[in-house]
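# Secondary and tertiary structure notes
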Amino acid sequence: MAKGYWVSVYPAISDPERLTAYDKLAGPAVRAGGGRTLSRGGRVVAHEAGITQRVVLIEFDSFEQAVAAYESEAYQKALVALPDGVERDLRIIEGID
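What comes next is a walk through the structure. (Residues numbered from 1 in each chain as written. Predicted model: local features only at pLDDT ≥ 70, side-chain atom pairs only at ≥ 80, totals over all residues. Heavy atoms only, no water.)

## Observations concerning the packing of aromatic side chains
Stated formally: Between the rings of Phe, Tyr and Trp (Trp by its six-membered ring), a pair exists once the centres lie within 6.5 Å; its type follows the angle of the planes, with under 30 degrees stacked, over 60 edge-to-face, and the other angles tilted. Put simply, DSSP marks the helices as runs of H or I at least four residues long and the strands as runs of E at least two long, and each gets a number from the N terminus on. For every residue, the accessible area (1.4 Å probe, protein chains only) is compared with the maximum for its type, and the residue is labelled buried under 20%, exposed over 50%, or partly exposed between those bounds. Here, a charge over a ring means that NZ of Lys or CZ of Arg falls within 6 Å of the ring centre while also lying within 35 degrees of the ring normal.
The tally for this structure, following the rule as stated, stands at five aromatic pairs. Ring centres of Tyr22 and Tyr75 lie 6.3 Å apart, and the angle between their planes is 80 degrees; this geometry places the pair in the edge-to-face category. Residue Tyr22 is located in helix H1 (residues 16-32), and its partner Tyr75 is located in helix H3 (residues 73-80); the two are separated by 53 residues in the primary sequence. Each member of the pair, Tyr22 as well as Tyr75, is classed as buried. Here the aromatic cluster, defined as three or more aromatic residues joined through ring pairs, consists of Trp6, Tyr22, Phe60, Tyr70 and Tyr75. When the ring centre of Tyr10 is taken as origin, the NZ or CZ atom of Arg54, which lies over that ring, is 5.3 Å away.

## Some thoughts on the packing of H1 against H3
We apply this condition: Each axis is a line fitted through C-alpha atoms, taken for helices only over the stretch in contact, and angles between the N-to-C directions span 0 to 180 degrees. These descriptions rest on fixed angle ranges, namely under 35 degrees for roughly parallel, over 145 for roughly antiparallel, 65 to 115 for roughly perpendicular, and the rest for oblique. Note: crossing handedness is left-handed where the near helix turns anticlockwise from the far helix by less than a right angle, and right-handed where it turns clockwise. Note on contacts: a residue pair is in contact if any heavy atoms of the two residues lie within 4.5 Å. Lys, Arg, Asp and Glu make up the charged group, whereas Ala, Val, Leu, Ile, Met, Phe, Trp, Tyr, Cys and Pro make up the nonpolar group; the residues left over, Gly among them, are polar.
Contact geometry of H1 with H3 gives a least axis separation of 8 Å together with a crossing angle of 165 degrees. For the element pair H1 / H3, the angle class is roughly antiparallel. Viewed along their axes, H1 and H3 form a crossing whose handedness is left-handed. Contact residues: Tyr22, Leu25, Ala26, Ala29 and Val30 in H1; Ala74, Tyr75, Lys77, Ala78 and Leu79 in H3. Residues of the contact of H1 with H3, tallied by class, amount to nine nonpolar, no polar and one charged.

## Side note on the environment of Asp97
Looking at where Asp97 falls in the secondary structure, it is placed in the segment after strand E4 (86-94). Counting along the chain gives 94 residues from Asp97 to Lys3, while the straight-line C-alpha distance between them is 7.4 Å. Look past the residues within four positions of Asp97 in its chain and what remains in contact with it is Met1 and Ala2.

## Quick look at the packing of helix H2 (residues 63-71) against H3
Their axes nearest at 5 Å, the elements H2 and H3 cross at an angle of 55 degrees. When the interaxial angle is binned, H2 and H3 end up oblique. Residues Ala69, Tyr70 and Glu71 of H2 form the contact with H3, whose own contacting residues are Glu73, Tyr75, Gln76 and Leu79. Residues belonging to the contact of H2 with H3 are distributed by class as follows: four nonpolar, one polar and two charged.

Printed below as a string of structure tokens:
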């Protein structure tokens with residue numbers, strides 16, 4: 001079974017302290033859904049049309065598990081805490097077997 005991944009890119013973060021409040025709720029919700037954070041805000045080298053931005057990569061045992069974790073009640077509560085000053089592009093993608 002192919003793994004599932006959340007890939008989040010943050011083009012704009014105007015209030016990093018409020019993002020921390022979201023992280024405190026989102027982390028436990030992601031772990032409860034079976035997610036493992038592989039990378040969060042580390043170094044980035046962008047090529048071609050890329051822009052150096054904060055990137056978060058989370059792995060799940062399956063694509064279905066990744067979708068279910070996003071749709072879970074716990075994660076939806078965390079999303080409420082995501083501040084208006086944070087612009088984010090989140091994709092749920094299926095890995096290759």
